[in-house]
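Fold and contact review
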Amino acid sequence: MQVRFVTCDVFTDTPFQGNPLAVIPDARGLSTAQMQAIAREFNYAESTFVLPPETPGGLAKVRIFTPVDEMPFAGHPTIGTALMLKAQEEVFGQKVGDAFVLEEKAGPVPVTISDGQATFTAPKPLTLGPPLPSAGIAASLNLSAHDLSHNHPPQVAGVGLDFVFVELASREALARARADATQLRALEDTWVGPGGSVAIYAYFKTESVVHARMFDPNGGIPEDPATGSAAAALAALLHKMQDLPSDGRFLVHQGEEMGRKSLLSLQVSGESASMQVRVSGGAVKVMSGELSLGGGR
């Protein structure tokens, strides 16, 4: 069985920067176990598998896998998959326009394409979990409590996928951060239960620019070059705290410490239940080919 794939780098227009993504544009005939095995073989933060839509108005159903499990929603897979589908012009007999819906486990994700960039609207409203202890979170990043900002304690939040948001007091502290998997495991056992993982999104903010890093070593991602779902949740969180520019727009720089610069554009509009968070970015194709799974065809 031969399965076509394409890879791209997302939230960049330069090959070998941004966040790599593997896309299987036609995953019909693949089992969940095969999808997981393929994601493990690519060993990217995420791989996506495109299937025919299941609801009227959807362009395609998209399943998202890390090397170790399936995710309900993720930002850079949404952006990258949308742009790779747009490039092939037709998906399961449907022409790919400049506005469409991708069906993800978290819900329908509206996408628009303009000037080579994709923009998605977060599928869920902002949800907040409990604040977490500053000392434990700081230790999990090999930092001291003094390296954390006093604007807010470490906060669980999400718009389809939860993260722990940690504002740091300086760009220098962000550069020094190193995830400690053992320290994180202790937090994970108390927060999400044995076997769960905690994704920490550390950031430093100045006016309308954010520098960020995301760590989830026990979830199979030692560090992520670009995390669109976390950036979307951060935008909603900052909006709730009234800590956004007046026009509700800002830029996120991520991946610089990894040598994979990424740039994410965000916009927030509306209030409370009507709040909408949009994340924009580009992608550049890097590779294409076929996977050999054995058997016929």
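Being a predicted model, the structure only gives us computed values, none of them experimental. (Residues numbered from 1 in each chain as written. Predicted model: local features only at pLDDT ≥ 70, side-chain atom pairs only at ≥ 80, totals over all residues. Heavy atoms only, no water.)

Phi is positive for N43, which is not a glycine, with a value near 60°. Backbone geometry places E89, a non-glycine residue, at a positive phi of 70°. Given the relative accessible area of 54%, E89 is considered exposed. (Buried < 20%, exposed > 50% of the residue type's maximum accessible area, 1.4 Å probe, protein only.)

A full pass over the atoms with the stated rule returns 13 salt bridges. Linking E257 and R171 is a salt bridge whose minimum nitrogen-to-oxygen distance equals 2.8 Å. With E257 in the loop between β17 (249-254) and β18 (262-269) and R171 in helix α4 (residues 171-176), this pair connects stretches of sequence that are 86 residues apart. For E257, a relative accessible area of 30% corresponds to the partly exposed category. Given the relative accessible area of 27%, R171 is considered partly exposed. Two residues, E172 and R176, come together in a salt bridge whose shortest N-O distance is 2.5 Å. One end of the pair, E172, and the other, R176, are both in helix α4, four residues apart, so they sit about a helical turn from each other. The exposure class of E172 is partly exposed, given its relative accessible area of 46%. A cluster of three or more residues bridged by salt bridges with shared partners is formed by R171, R213, E223, E256 and E257. (Salt bridge = Lys/Arg side-chain N within 4 Å of Asp/Glu carboxyl O. Helix = DSSP H or I, 4+ residues; strand = E, 2+ residues; numbered from the N terminus.)

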